[in-house]
Amino acid sequence: MSHISILMENQPGALSRVVGLFSQRGYNIDSLSVAPTNDSSLSRLTMVVKEEESVISQILKQLNKVIDVVEVQNLSDVESVSLEIAIVKLKITEEEAKKIIDNAFPIIGEIINHKDEFVMIKVTGSNHEVDDFLLSLNKQNFLEVTRSGLLGMGTGENFLISESETTIEY
Amino acid sequence: MKKESGGSALIRALADENVDLLFGYPGGAALHIYDAIYQQDKVQHILVRHEQAAVHAADGYARATGRVGTVLVTSGPGATNAITGIATAYMDSIPLVVISGQVASHLIGTDAFQETDMLGISRPIVKHSFLIQSPEEIPEVVKKAFIIAKTGKPGPVVIDVPKDMTDPNHLFDYQYPKEIKMRSYSAPSKVKENHIEEAVSLLENAKKPVLYAGGGIIQGNASEELMKLANIMNAPVTNTLMGLGAFPASHNNFIGMLGMHGTYEANMAMHESDLIFALGSRFDDRTTNNPQKYSLNAKKIHLDCDYGSIEKIINVDVSLNGDAKKILNQILKKIDPKNIDKASIELWNKEIQNWRETHGLNHDLLDKKFHQKQILPQQVIQSLYKSTNGKAFITSDVGQHQMFAAQYYKFDEPRKWINSGGLGTMGFGLPSAMGVKFAYPDEDVVCVTGEGSIQMCIQELSTCMQYGLPVKIINLNNRALGMVKQWQDMQYGGRYSSILYEDSLPDFVKLAESYGHVGMKVEDISELEERMDECISMKDKLVFMDVYVDPEEHVYPMLEAGGNMSEMRVSKTKKTF
Ligand SMILES: Cc1ncc(C[n+]2csc(CCOP(=O)(O)OP(=O)(O)O)c2C)c(N)n1
Ligand SMILES: [Mg+2]
């Protein structure tokens, strides 16, 4: 399993070029999260892919070749942190929800909405922790979940920054 | 400063890129652009008869000249017809800029008349693509498209232009950018000095080296450097199908093409080698046979402009990512002739010579003693070689005829052999020959084809008449989809499924004549050479020479599927394993 961090132009078509590299080769993307960065002309993407190392190194090379891709980093190669956010909708009382959150360690949970007989909880943790948390819920009143997909970032000086712009003149 | 509309800016930008020829076909979404073409005279538009042919023609032009080929098609069916051509160029890394009309921006996504998602359809077969979002960005996008198409690993770039972006009533100040900033597109990093040293040390220590050169040497204009290296080392050189001409076939160190239908000696040399230096070739499956059994005793150096091609199929000892010419020059500077193991290489060359003597190609089949009732396809290529003094541009289609041309026409110069190696597109031969002839009107341009392939773009005989393109078409007529037949002979017990059509073939002589060209039919070996001379000497006529060849002939050698590089069939009855 590899976590890949990608910085790319925030352009129509850019995401489909990146995703196309995977579908074309028959590889499945386990999770994908993408949003603009503090520079709105760039999007940052975290991807989780379950493939062998040789496949990953090929994918990294091919990703680098995509014209819209500015920078690629294999988070599995550097020290990094990652987490996932999930929103869960449960048919329970607020009291019961609080109890679930109290027992959810190491997951950090918070009630974010309560409407009619439904409660929504936001939980944050590593993706295994989120997996485990979801498994622990009682199926009968567990109605929906949406997960962000993994978000990751290298620690310390392991930046994913764009190199200075290359000016090609001729 | 003259104001331009999106349509006229597009054409002016092409002129600013020194584009002289634009191959295309008009239609609704491209009408503003066509009107802009009419009102200028710098860029000449060539009207083909099918959009696939427009792309192949631009592709042939690009391969022969080393420049970027340009194409203009309309939306919808115009764009989809261009797809096969784009994929062909993509697989062989040919620099093209393909401009497609698109429905007006407010109609995109509504299933409007002649709307197709060109960016979506072409995405896996382009190096990059653009959708024009404002007329003002057109000059900059064109500039970027040309840079991307021709730098690094070249490839086709699509510019999709919604009709409203070319509105003749919307005018703006035109300026063609001198330079472009692209933060996400960078030149390959410099090769590390120690990699050069490692490569040099392997080369100096090799006892059985092979220089395995592909299309990258042609595209990278590095033939001269390759020649220097081969001469310094006295090393054997093999070319891939895409690389023919990168190293002169008549040079002593040339051991022929390698791969699926490569020469016996080239494939044997690859198998027995102790050092394979891959230069601008990508270990394509047609040249490695089974990668697990590939040249196990050889160390490998891989020079390629495409980082992604290195270690994609075969692991290597030294990788050299970057410009072939530059890197070869660095190697030439470092390598010391005194350190080369000349004695071992001499023995190695003898070993290769022995292989050639056992199962090498016979280049003297025109000799009377080899004459049979039916003309052999190989004899036609040899006759063509003689009549053109080995100097013609040869384009080809796909099939047995293509392999015979590759094996028997001895290419001495780069860019003279023009074929669809990667995609293997039947229909490529005639339109690509047109592109070459436009670029080199005074040179002999010959399309070697088969009666199957030629019918896939036969309509271009009309284009050739309109523009006066006296290309020569040599049709190796075996009355069958010969290459498929060969496989059905070898692997399907001769069950000929859907490969025969003898009774419904056109009379190619009359067909050529109906377009105003010259037709010739040759069935007898005794008249082959004379008719070939006659054909080639008609400098201002397109001649369609329909040569009836032996339909039973197979292409050999042929690597045995799943085997190593030494496992070949060398004739219908003999194999090496
Ligand atoms: C567009 C396309 N369709 C199908 C094929 C598969 N194919 C490869 S060779 C061949 C036969 C070509 O026949 P012909 O042009 O007569 O050449 P020959 O092999 O007989 O010399 C076919 C059908 C192809 N390469 N391209
Ligand atoms: Mg045929």
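Here is what the cut-offs are and how they apply
- Residues numbered from 1 in each chain as written.
- Chains lettered and ligands numbered in written order.
- Predicted model: local features only at pLDDT ≥ 70, side-chain atom pairs only at ≥ 80, totals over all residues.
- Heavy atoms only, no water.
- Contact = heavy atoms within 4.5 Å.
- Buried area = accessible area lost by both parts, 1.4 Å probe.
- Salt bridge = Lys/Arg side-chain N within 4 Å of Asp/Glu carboxyl O.
- Polar contact = N/O pair within 3.5 Å; in protein donor to acceptor, adjacent residues only side chain to side chain.
- Helix = DSSP H or I, 4+ residues; strand = E, 2+ residues; numbered from the N terminus.
- Donors = N, O, S within 2.8 Å, 3.2 Å for Na, K, Ca; no water.
- Tetrahedral: all angles 85-135°; square planar, octahedral: opposite > 155°, others 65-115°.
- Buried < 20%, exposed > 50% of the residue type's maximum accessible area, 1.4 Å probe, protein only.
- Pairing = 2+ DSSP bridges.
- Axes fitted to C-alpha atoms, helices over the stretch in contact; angles between N-to-C directions.
- Disulfide = S-S within 2.5 Å.
- Near = heavy atom within 4 Å.
- Nonpolar A, V, L, I, M, F, W, Y, C, P; charged D, E, K, R; others polar.
- Phe/Tyr/Trp six-rings, centres within 6.5 Å; stacked < 30°, edge-to-face > 60°.
- Lys NZ or Arg CZ within 6 Å of the ring centre and 35° of its normal.

Engineer: Residue-level account of the interface of chain B and chain A, with values.
Structural biologist: Where interface size is given, it is often the accessible area lost as the parts come together that is meant. Contacts between the two partners involve 28 residues from chain B and, on the opposite side, 25 residues from chain A. Interface of chain B and chain A: buried area, both sides summed, is about 2400 Å²; carbon and sulfur atoms make up 50% of it. The largest contributions to the chain B side of the interface with chain A come from R123, R183 and S184 of chain B, which together make up 33% of the buried area. At the boundary of chain B with chain A, the tally comes to 3 salt bridges. A salt bridge links K65 of chain A to D306 of chain B, with the shortest nitrogen-to-oxygen separation between them at 2.9 Å. On inspection of chain B and its partner chain A, the count reaches 6 residue pairs in polar contact (both at pLDDT 80 or more). When residues of the side of chain B that touches chain A are traced back to their parent elements, those giving at least two are β6 (128-131), α6 (138-150) and β9 (179-181) of chain B. Broken down by element, the residue count for the side of chain B that touches chain A peaks at 5 residues, all from α6 of chain B.

Engineer: Could you give me a rundown of the coordination of the magnesium ion (ligand 2), with the residues and numbers involved?
Structural biologist: All names here are of chain B. Those protein atoms acting as donors to the magnesium ion (ligand 2) are E451 (OE), E451 (OE), N478 (OD1) and A480 (O), and they sit at 2.1 to 2.6 Å. Around the magnesium ion (ligand 2) sit 6 donor atoms; with metal-centred angles ranging over 52 to 178°, the donor geometry is irregular. Read in sequence order, the donor residues coordinating the magnesium ion (ligand 2) give the pattern E-x26-N-x1-A. For the pair N478 and A480, a shared accessibility class is recorded, and that class is buried.

Engineer: Before we move on, can you summarise the sheet that holds strand β4 (residues 69-73) of chain B with the specific residues and values?
Structural biologist: Residues and elements named next belong to chain B. Reading across the sheet, the 6 strands line up as β3-β2-β4-β5-β7-β6 and stay open at both edges, with parallel pairing between neighbours. The sheet is open, and its two borders are formed by β3 (44-47) and β6, each paired with just one other strand. Adjacent strand axes in the sheet meet at a mean angle of 20° when their direction is disregarded. Relative to β3, strand β2 (residues 21-25) runs parallel, the two sharing 4 bridges. Bridge pairing in β3 links G24 to L47.

Engineer: Please provide a residue-by-residue account of the environment of E513 of chain B, values included.
Structural biologist: Residue and element names in this part refer to chain B. Relative to the helices and strands, E513 resides in helix α19 (residues 508-514). Judged by its relative accessible area of 44%, E513 falls in the partly exposed class. Each C-alpha atom of the pair E513 and D59 lies 27 Å from the other, and the pair is 454 residues apart in sequence.

Engineer: Give a detailed account of the side chain of S122 of chain B, specifying residues and quantitative values.
Structural biologist: Within the secondary structure, S122 of chain B is located in helix α5 (residues 118-122). When residues no more than four places from it in sequence are discounted, the contact partners of S122 of chain B are I83 and V158 of chain B.

Engineer: I'd like a rundown of the state of the cysteines, residues and numbers included.
Structural biologist: Residue and element names in this part refer to chain B. Under the counting rule described, the total for this entry stands at 0 disulfides over all chains. Summary of cysteine pairing: C447 is not part of a disulfide, and the nearest cysteine sulfur, belonging to C464, is at 9.4 Å. For C447, a relative accessible area of 0% corresponds to the buried category.

Engineer: I'd like a description of the side chain of S43 of chain A, backed by residues and values.
Structural biologist: The topology assignment puts S43 of chain A in strand β3 (residues 42-49). If near-sequence neighbours (up to four positions away) are discounted, S43 of chain A is found in contact with I6, L7, M8, E9, N10, V34, A35, P36 and T37 of chain A.

Engineer: Describe in detail the site of ligand 1, supporting the description with residues and values.
Structural biologist: Residue and element names in this part refer to chain B. In the neighbourhood of ligand 1, 18 residues make up the surrounding shell, with Q400, G424, S453, N478 and G482 lying closest. H401 places a polar side-chain atom, nitrogen or oxygen, 2.9 Å from an oxygen atom of ligand 1. Elements with a contribution of two residues or more to the shell around ligand 1: α15 (400-408) and α18 (482-491). Top element by residues in the shell around ligand 1 is α18. It accounts for 3 residues. For the shell around ligand 1, a count of residues per class yields 8 nonpolar, 9 polar and 1 charged.

Engineer: Just give me the short version of the packing of aromatic side chains, but keep the residues and values in it.
Structural biologist: If you walk through the whole model with that rule in mind, you get 11 aromatic pairs over all chains. Geometrically, the ring pair formed by F283 of chain B and Y294 of chain B is edge-to-face, given 5.8 Å between the ring centres and 85° between the ring planes. One end of the pair, F283 of chain B, is in the loop between β13 (275-279) and α11 (285-288); the other, Y294 of chain B, is in the loop between α11 and β14 (299-304), with 11 residues separating them in the sequence. You'll find F283 of chain B and Y294 of chain B in the same group, each marked buried. Ring pairs connect the aromatic residues Y385, Y409, F411 and W417 of chain B, which therefore count as one cluster. Looking at K61 of chain A, its charged tip hangs above the ring of Y307 of chain B, at a distance of 5.3 Å from the centre.

Keep in mind these values describe shape, not function.
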